[in-house]
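Structure assessment
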Amino acid sequence: MSTRERLTAAFTGLCLALLPAVLPPVPASLLPAAEAQQVLRIGAIPDQNPEKLNRLYGLVADELSQQLGVKVSYVPVTDYAAAVSAFRTGSLDLVWFGGLTGVQASLQKPGAQMLAQRDIDAQFYTVFIANARSGIKPIQNQKGLVALKGKRFTFGSESSTSGRLMPQYFLAQAGVKLADFAGGAPGFSGSHDATIALVQSGTYDAGAVNEQVWKSNLRSGKANRSKVVQIWRTPSYPDYLWLGQPNLDQRFGKGFSAKLRQSIISWRPTDPEQKQILSLFGAQQFTTVKPDEYKQIEQVGRQIGKIR
């Protein structure tokens with residue numbers, strides 16, 4: 001081989017070696033299906049502050065990945081509607097939904113699987129809270145909600161089960177319409193944490209919030225009892241659940257859905273990592289779901305126009 005040929009071969013080899021470094025990575029959408037489908041993409045409605053959500057679902061992703069032997073990635077969404085949309089389009093494989101969004105998503109995706117709920121979700125509660133200086137007194141029964149007429153009132157997200165759907169239902173039963181609030185309409189804070197903060201600051205006189213988040217804010221000191229107080233607790237109703245795509249077994253192998261459900265249900269406080277997850281969820285463990293119990297949520301959703 002001549003000197004020129006040796007130099008040409010060396011140069012060609014160097015270019016081939018450097019090629020992967022200079023070319024951009026192939027988008028996942030262009031990878032072979034078998035390779036692109038190995039990631040279990042999980043999501044959740046953004047019902048609390050992003051810092052807590054990122055911590056919680058990062059831990060969930062790590063735990064599921066270890067238990068299932070697949071890569072698991074948490075994909076944040078901007079709002080409740082985006083979570084439902086991402087599930088409908090298949091962008092998310094497993095989503096932690098509230099009762100209303102879970103029903104909305106399952107109706108839009110036939111075959112969707114209600115996999116698990118927390119031990120507290122079969123009987124969940126909303127609490128009505130008020131600014132301590134608002135003059136609103138604790139309510140002894142549901143009819144007492146009429147005291148909120150003419151007050152500045154806020155729900156959480158427009159699609160929240162515990163922060164909008166069920167409190168609006170109980171208000172309506174007591175004869176309180178949305179137009180009865182100050183300004184002719186309620187506010188929508190976007191999340192339970194925000195509702196507590198807005199009522200505590202006096203921006204609103206009162207609001208409706210997830211009881212579990214309320215208790216968590218009291219324990220952490222974010223909710224100050226001298227500034228914001230609980231005035232009424234609703235009757236119970238079913239709420240949050242894990243919803244999985246219909247095609248999980250086709251994508252990840254026969255029996256994967258059952259294995260996924262069992263993994264979530266197996267979490268216990270005796271395991272250090274699982275204890276962190278359960279603590280952030282405000283639960284002792286997860287249990288199986290009885291889909292028929294969510295018919296109440298569907299009925300109320302249709303009544304107020306959130307499900308058509």
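Everything below is about the structure printed above this text.
About the cut-offs
Residues numbered from 1 in each chain as written. Predicted model: local features only at pLDDT ≥ 70, side-chain atom pairs only at ≥ 80, totals over all residues. Heavy atoms only, no water. Phe/Tyr/Trp six-rings, centres within 6.5 Å; stacked < 30°, edge-to-face > 60°. Helix = DSSP H or I, 4+ residues; strand = E, 2+ residues; numbered from the N terminus. Buried < 20%, exposed > 50% of the residue type's maximum accessible area, 1.4 Å probe, protein only. Lys NZ or Arg CZ within 6 Å of the ring centre and 35° of its normal. Salt bridge = Lys/Arg side-chain N within 4 Å of Asp/Glu carboxyl O. Polar contact = N/O pair within 3.5 Å; in protein donor to acceptor, adjacent residues only side chain to side chain. Axes fitted to C-alpha atoms, helices over the stretch in contact; angles between N-to-C directions. Parallel < 35°, antiparallel > 145°, perpendicular 65-115°, else oblique. Contact = heavy atoms within 4.5 Å. Nonpolar A, V, L, I, M, F, W, Y, C, P; charged D, E, K, R; others polar. Core = buried A, V, L, I, M, F, W, Y, C linked by side-chain atoms within 4.5 Å. Pairing = 2+ DSSP bridges. 1 Å grid on protein atoms, 1.4 Å probe; cavity = no way out; pocket = protein on both sides within 12 Å on 5 of 7 lines; lining within 4 Å. Points joined across faces, edges and corners; volume = space filled by probe spheres on them.

Let's talk about the packing of aromatic side chains
A complete count under the given rule lists 21 aromatic pairs for this structure. Residues Tyr57 and Trp242 carry aromatic rings whose centres are separated by 6.3 Å and whose planes lie at 85° to one another, so their mutual orientation is edge-to-face. With a gap of 185 residues between them, Tyr57 in helix H3 (residues 50-68) and Trp242 in strand S10 (residues 241-244) connect regions that are remote in the sequence. For the pair Tyr57 and Trp242, one class covers both residues: buried. One aromatic cluster in this structure is built from Tyr57, Tyr74, Trp96, Phe124, Tyr237, Tyr240, Trp242, Trp267, Phe281 and Phe286. Positioned above the aromatic ring of Tyr125, the side-chain terminus of Arg233 is 3.5 Å from the ring centre.

Section: the pattern of salt bridges
Oppositely charged side chains may form a pair once their charged atoms are brought near each other. Scanning the entire structure with this criterion turns up 9 salt bridges. Two residues, Arg41 and Asp93, come together in a salt bridge whose shortest N-O distance is 2.8 Å. One end of the pair, Arg41, is in strand S1 (residues 39-44); the other, Asp93, is in the loop between helix H4 (80-89) and strand S3 (94-97), with 52 residues separating them in the sequence. For Asp93, a relative accessible area of 1% gives the class buried. Between Asp180 and Lys177 there is a salt bridge whose closest N-O contact spans 3.9 Å. A relative accessible area of 21% places Asp180 in the partly exposed class.

Side note on the side chain of Asn210
If you trace the backbone, Asn210 turns up in strand S8 (residues 206-210). We classify Asn210 as buried; its relative accessible area is 0%. From its side chain, Asn210 meets the backbone nitrogen of Gln212 in a polar contact 2.7 Å long. There is a polar contact of 3.0 Å between the side chain of Asn210 and the backbone nitrogen of Val213.

So, the packing of helix H5 (residues 99-108) against helix H12 (residues 295-303)
Contact pair H5 / H12: the axes reach a minimum separation of 9 Å and the direction vectors enclose 90°. By the angle class used here, H5 and H12 are roughly perpendicular. Residues Gly99, Leu100, Val103 and Leu107 of H5 form the contact with H12, whose own contacting residues are Ile297, Glu298, Gly301 and Arg302. Considering only residue class, the contact of H5 with H12 consists of 4 nonpolar, 2 polar and 2 charged.

Observations regarding the nonpolar core
Within the largest apolar cluster, 75 residues are counted, with the highest numbers of intra-cluster contacts made by Tyr57, Val60, Phe97, Leu145, Leu148 and Trp242. Counting residues per element, this core draws most heavily on H3, at 7 residues. Counting residues in hydrophobic clusters, the runner-up holds 10 residues, among them Ile196, Val199, Val213 and Val228.

Quick notes on the pairing of S3
Residues in a regular strand project their side chains so that they alternate between the two faces of the sheet. By the alternation rule, side chains of S3 split into Leu94 and Trp96 and Val95 and Phe97, which are all buried. Two strands pair when backbone bridges link them, and S1 and S3 are joined in this way by 3 bridges, in the parallel orientation. Within S3, the residue paired with Gly43 across the bridge is Val95. Relative to S10, S3 is paired through 4 bridges, and the arrangement is antiparallel.

Notes on empty space enclosed by the protein
Overall, the coordinates contain 2 cavities of 30 Å³ or more when judged by the stated rule. Estimated volume of the largest cavity: approximately 60 Å³. Asp47, Gln48, Leu53, Leu56, Tyr57, Trp96, Arg118, Gln212, Tyr240, Leu280 and Phe281 together form the lining of the largest cavity. Among the elements of the structure, H3 and helix H11 (272-281) are those that each provide at least two residues to the lining of the largest cavity. No other element matches the 3 residues that H3 contributes to the lining of the largest cavity. Broken down by class, the residue content of the lining of the largest cavity amounts to 7 nonpolar, 2 polar and 2 charged. Taken as a whole, the second largest cavity holds about 30 Å³ of empty space. Lining the second largest cavity are Ile45, Tyr80, Gly98, Ser160, Thr161, Ser162, Asp239 and Tyr240.

Notes on the sheet that holds strand S2 (residues 71-74)
With mixed pairing, the 6 strands of this open sheet are ordered in space as S2-S1-S3-S10-S4-S11. Across the chains shown, the open sheet's two edge strands, defined by having one partner strand only, are S2 and strand S11 (286-287). Note that strand S4 (residues 113-118) and S10 share 3 bridges and pair antiparallel. Among the inter-strand pairings, Ala116 is bridged to a residue of S10, identified as Trp242.

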